[in-house]
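Each chain, written out:
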Amino acid sequence: MKTFELHLPRTIDEALALLERPGHAALAGGQDLLTELKEHIATPDALVDLSGIQGADAIELRADGSLSIGAGVTLAELEKHAELARRWPVLTEAATSIASAQIRSQATVGGNLCQRPRCWYYRNEALSCLKKGGTECLAYGGMNKYNAILGGGPSYIVHPSDLAPALVALDAEIEIASREPRGARRRIALASFFTLPAEGDVLRENVLAPGELVVAVHVPAHAAGNWRSTYLKFKERSSFDWALSAVALVARIDGARIAEARVVLGGVAPVPWRSKAAERVLAGRPIDDSAAREAGEAALAGAEPLSGNAYKVPLTKGLIVKALRAIGGRS
């Protein structure tokens, strides 16, 4: 690992001033960045430790029914928050699904949303893949069991965040701070924060500019009605694994029917993959397996599996059926 300086700012402004300097990188829980440092993928001259920033770890339940989560809130805090589990189970279930209890006690909301790809070609320091400035995505013609079946090309990474699909399904916004103009803050839909490899800079996964910081995530209040949600994730071996496929489902129930739904897939695309086609199928339908199977077909209609990951198509369809059963009170 390359040696580096360590800075300990106490405010967002102090952190932003440091991050303006060349070779300075933000350090949150460190579960992703420290791995990149050890593998010589990231080689910053200095780290800006965000853990001491005042107020970054706040969870605010507002009187209007909305929710704000500081970027420094740990996954363990989300997992253990009883009121969040009651009102937004999709969020706490997603947090609980991540890694181990030890990692969840350190990993942060901001870090989870901004983590880099886990593709083994990207993580191998000896290889120069497209995400590291190379000329091709090595997974496309190589070992691609864990790569994208939706939205891929020219890179076929999958976004590793579990919180992201859950928060996108909740119509969350992300708050970003920058130094210029002085103390500037902007809020954008979280769904617009992530970028497909074909949409912009293939070396990046989101719109965060150099010197900017994620400071919070905001979940709007739901309109009146009976809202239910769940997050289901399939992992290959253990509690430590990332998703082979995942489904975040948020639905408003009217009697025995689904009035409206949000269906967002994880582990199958370079971004949290919202399926409006599946949502249209579910709207107005009873909560049954027939509707769920049709929604699964709609969600995966555009899938383009690579040589080693066609299994993700039936796997994801099955998760959609299980998710609908869960919100309908069936296992």
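All of these numbers come straight from a predicted model, not from anything done at the bench.

S.K.: Quick one: what's the story with the pattern of salt bridges, residue by residue and with numbers?
M.R.: Note that side chains of opposite charge can pair when their charged atoms are close. Under the definition given, this model contains 22 salt bridges. Ionic pairing is found between arginine 179 and glutamate 20, a salt bridge with its closest N-O pair at 2.9 Å. In this pair, arginine 179 sits in the loop between β6 (173–178) and β7 (184–189) while glutamate 20 sits in the loop between α1 (12–19) and β2 (24–27), placing the two residues 159 residues apart along the sequence. Residue arginine 179 is classed as partly exposed on the basis of its relative accessible area of 34%. Residue class for glutamate 20 comes out partly exposed when judged on its relative accessible area of 44%. Its salt-bridge partner being arginine 116, residue glutamate 205 comes within 2.6 Å of it at the nearest N-O pair.

S.K.: I'd love a proper account of the pairing of β2, names of residues and values included.
M.R.: By the bridge criterion, four bridges tie β2 to strand β3 (residues 46–49) in an arrangement that is parallel. Bridging across to β3, alanine 26 finds its partner in valine 48. Once you follow β2 into helix α2 (residues 33–38) and on to β3, the crossover reads as right-handed.

S.K.: Got a sec to walk through the sheet that holds β2? Specific residues and values, please.
M.R.: Strand order in the open sheet made by the three strands is β1-β3-β2, with parallel pairing throughout. Of all strands in the sheet, those bounded by a partner on one side alone are β1 (5–7) and β2. For this sheet, the mean angle separating the axes of adjacent strands, direction not counted, is 30°. Sitting on the sheet, α1 is in contact with β1, β2 and β3, with an inclination near 145° to β2.

S.K.: Please give an account of unusual backbone geometry that cites residues and values.
M.R.: Negative phi is the rule for most residues except glycine; trans is the rule for most peptide bonds. The omega torsion across glycine 153 and proline 154 is 0°, close enough to zero to call that bond cis. Structurally, proline 154 is set in the loop between α8 (120–123) and α9 (163–169). Even without being a glycine, aspartate 171 presents a positive backbone phi close to 60°. Structurally, aspartate 171 can be placed in the loop between α9 and β6.

S.K.: Hey, could you go over the packing of aromatic side chains for me, with residue numbers and the actual values?
M.R.: The full count for this structure, using the stated rule, is three aromatic pairs. With centroids separated by 5.4 Å and ring planes inclined at 80°, the aromatic side chains of tryptophan 120 and tyrosine 146 adopt a geometry described as edge-to-face. Taken together, the positions of tryptophan 120 in helix α8 and tyrosine 146 in the loop between α8 and α9 put the pair 26 residues apart, joining distant regions of the chain. Given a relative accessible area of 38%, tryptophan 120 falls into the partly exposed group. Owing to a relative accessible area of 27%, tyrosine 146 belongs among the partly exposed residues under this scheme. Taken together, a centroid distance of 5.2 Å and an interplanar angle of 80° make the contact between phenylalanine 193 and phenylalanine 194 edge-to-face. With a relative accessible area of 5%, phenylalanine 194 lands in the buried category. The side chain of lysine 132 reaches across the aromatic face of tyrosine 122, ending 5.9 Å from its centre.

S.K.: Please set out helix α12 (residues 289–299) residue by residue, giving values where relevant.
M.R.: Within α12 the residues assigned to the buried category are Asp289, Ala291, Ala292, Ala295, Gly296 and Ala299. All buried residues of α12 lie within an arc of 155° about the axis, which places them on one face of the element. The elements touched by buried residues of α12 are β11 (257–266), α11 (276–282) and α13 (312–327).

S.K.: Outline the pairing of β6, supporting the account with residue identities and numerical values.
M.R.: On a regular strand, one side chain projects to one face of the sheet and the next to the other, so that they alternate. Counted residue by residue, β6 has five buried out of six residues, so it is predominantly covered. Relative to β7, β6 runs antiparallel, the two sharing six bridges. Note that in β7 the partner of glutamate 175 across the bridge is arginine 187.

S.K.: Tell me what's going on with the packing of α12 against α13, and back it up with residues and numbers.
M.R.: Orientation of α12 relative to α13, taken along the N-to-C sense of each, is 145°, at an axis distance of 8 Å. Judged by the sense of rotation from one axis to the other, the crossing of α12 with α13 is right-handed. On α13, the residues touching Asp289, Ala291, Ala292, Arg293, Ala295, Gly296, Glu297 and Ala299 of α12 are Lys317, Ile320, Val321, Leu324 and Arg325.

Conventions we followed
Sequence order sets the numbering: in each chain, residues are counted from 1 along the sequence as written. At least 70 in pLDDT is required for a residue's local features to be given in this predicted model, at least 80 for side-chain atom pairs to be given and counted, and no such filter applies to totals for whole chains, interfaces and linings, which use all residues. The basis for every side-chain value is the complete set of heavy atoms in the structure, and neither hydrogens nor water enter the calculation. Here, a salt bridge means any Lys or Arg side-chain nitrogen found within 4 Å of an Asp or Glu carboxyl oxygen. Put simply, DSSP marks the helices as runs of H or I at least four residues long and the strands as runs of E at least two long, and each gets a number from the N terminus on. Think of it in three bands: residues with accessible area under 20% of the maximum for their type are buried, residues over 50% are exposed, and the middle band is partly exposed, with areas taken using a 1.4 Å probe on protein chains only. Criterion used throughout: strands pair if DSSP finds at least two bridges between them. Handedness of a crossover is defined as follows: orient the strands so they point away from the viewer, and if the path from the first strand over the helix to the second runs clockwise, the crossover is right-handed. With axes taken as lines fitted to C-alpha atoms, and helix axes fitted only over the stretch in contact, angles between N-to-C directions fall between 0 and 180 degrees. Residue contacts are defined here by distance: any two heavy atoms, one from each residue, within 4.5 Å place the two residues in contact. Pairing of aromatic side chains here covers Phe, Tyr and the six-membered ring of Trp, requires ring centres within 6.5 Å, and sorts the geometry by plane angle: under 30 degrees stacked, over 60 edge-to-face, intermediate tilted. Charge over a ring is defined by NZ of Lys or CZ of Arg lying within 6 Å of the ring centre and within 35 degrees of the ring normal. As used here, the arc belongs to the directions running from the helix axis to the C-beta atoms. The handedness criterion is simple: a crossing whose near helix is rotated anticlockwise from the far helix by less than a right angle is left-handed, and one whose near helix is rotated clockwise is right-handed.

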